[in-house]
Amino acid sequence: MFLFLTVVQALITILLVVVILIQKSEGGGLGVGGSPSGFMSARGAADFMTRMTQVLGGLFVALSIILAALAVKSSTGETVDDSLNRAVPTAPVSAPADPLGKTQPSATPSSAAPAAPLDPLAGAAKK
């Protein structure tokens, strides 16, 4: 049902875009000439295109609300998807090599600062 309504909304969207692009900016609508009275006169075409835009816009909004309600109903929200686990293995940090060949004094474990986690959101999925 959700897929069907999504396809219907896509078709309505395409029709709405076409109807809007066909209209003249001055409100002439279609720009079709003809007799002053009748359906396809400039004024009759403008009225038809305005009404069609209103109907298609209303259908688009209604289908958007229905699709949002169906999406909320189909999602249970009971489990958290942790497929994007951001755990990054931490490797020991070594001193950079000295290009001149001089040895650097090694830091003792007591003076070394604890390594900050690389990913600030690593524990967010576990809460």
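Computed from a prediction, not measured in an experiment: that's the story for all the values here.

Parameters and conventions
Residues numbered from 1 in each chain as written. Predicted model: local features only at pLDDT ≥ 70, side-chain atom pairs only at ≥ 80, totals over all residues. Heavy atoms only, no water. Helix = DSSP H or I, 4+ residues; strand = E, 2+ residues; numbered from the N terminus. Buried < 20%, exposed > 50% of the residue type's maximum accessible area, 1.4 Å probe, protein only. Contact = heavy atoms within 4.5 Å. Areas by Shrake-Rupley, 256 points an atom, 1.4 Å probe, with all protein chains shown as cover. Patch = residues over 30% accessible without salt bridge, like charges linked within 9 Å, V, L, I, M, F, W, Y side chains within 5 Å. Salt bridge = Lys/Arg side-chain N within 4 Å of Asp/Glu carboxyl O. Expected span 1.5 Å × (residues − 1). Arc of directions from axis to C-beta.

Enquirer: Teacher, can you tell me more about the overall build of the protein here?
Expert: Looking only at helices and strands, the protein has two helices and zero strands in total. Taken over 127 residues, the protein has a buried fraction of 12%. Across the protein, every contact between residues at least 6 apart in sequence was considered, and the portion connecting residues at least 24 apart equals 61%. In the structure as shown, the protein presents an accessible area of about 10500 Å², 68% of it carried by carbon and sulfur atoms.

Enquirer: Teacher, can you tell me more about the environment of Leu56 here?
Expert: By the element assignment, Leu56 lies in helix α2 (residues 42–74). By relative accessible area, Leu56 is classed as buried at 7%. Expressed as a C-alpha distance, the spacing of Leu56 and Thr13, which sit 43 residues apart in the sequence, is 8.0 Å. Not counting the four nearest positions on each side in its chain, Leu56 is found in contact with Ile12, Leu15, Leu16 and Val19.

Enquirer: Just checking my understanding: could you explain the side chain of Gln9 for this structure?
Expert: In this fold, Gln9 is placed in helix α1 (residues 2–22). Every residue in contact with Gln9, bar those within four places of it in the chain, is listed here: Phe60, Leu63, Ser64 and Leu67.

Enquirer: How do you make sense of a nonpolar patch on the surface when you look at a structure like this?
Expert: Together, Leu3, Val7, Leu11, Ile14, Val18 and Ile22 give the surface a local cluster of nonpolar side chains, amounting to about 560 Å² of exposed area. Topologically, Ile22 is positioned in helix α1.

Enquirer: Help me out: how do you make sense of α1 in this one?
Expert: Quick reminder: α-helices carry 3.6 residues per turn. Residues three or four places apart thus point the same way. In this model, α1 (21 residues) spans 30 Å end to end at C-alpha, consistent with the 30 Å of a helix rising 1.5 Å per residue. Among the residues making up α1, those that are buried are Leu5, Gln9, Ile12, Leu16 and Val19. Buried residues in α1, looked at end-on, bunch into an arc of 85 degrees, giving them a common side. Opposite the packed face of α1, turned more than 90 degrees from it, sit the exposed residues Leu3, Leu11, Ile14 and Leu21.

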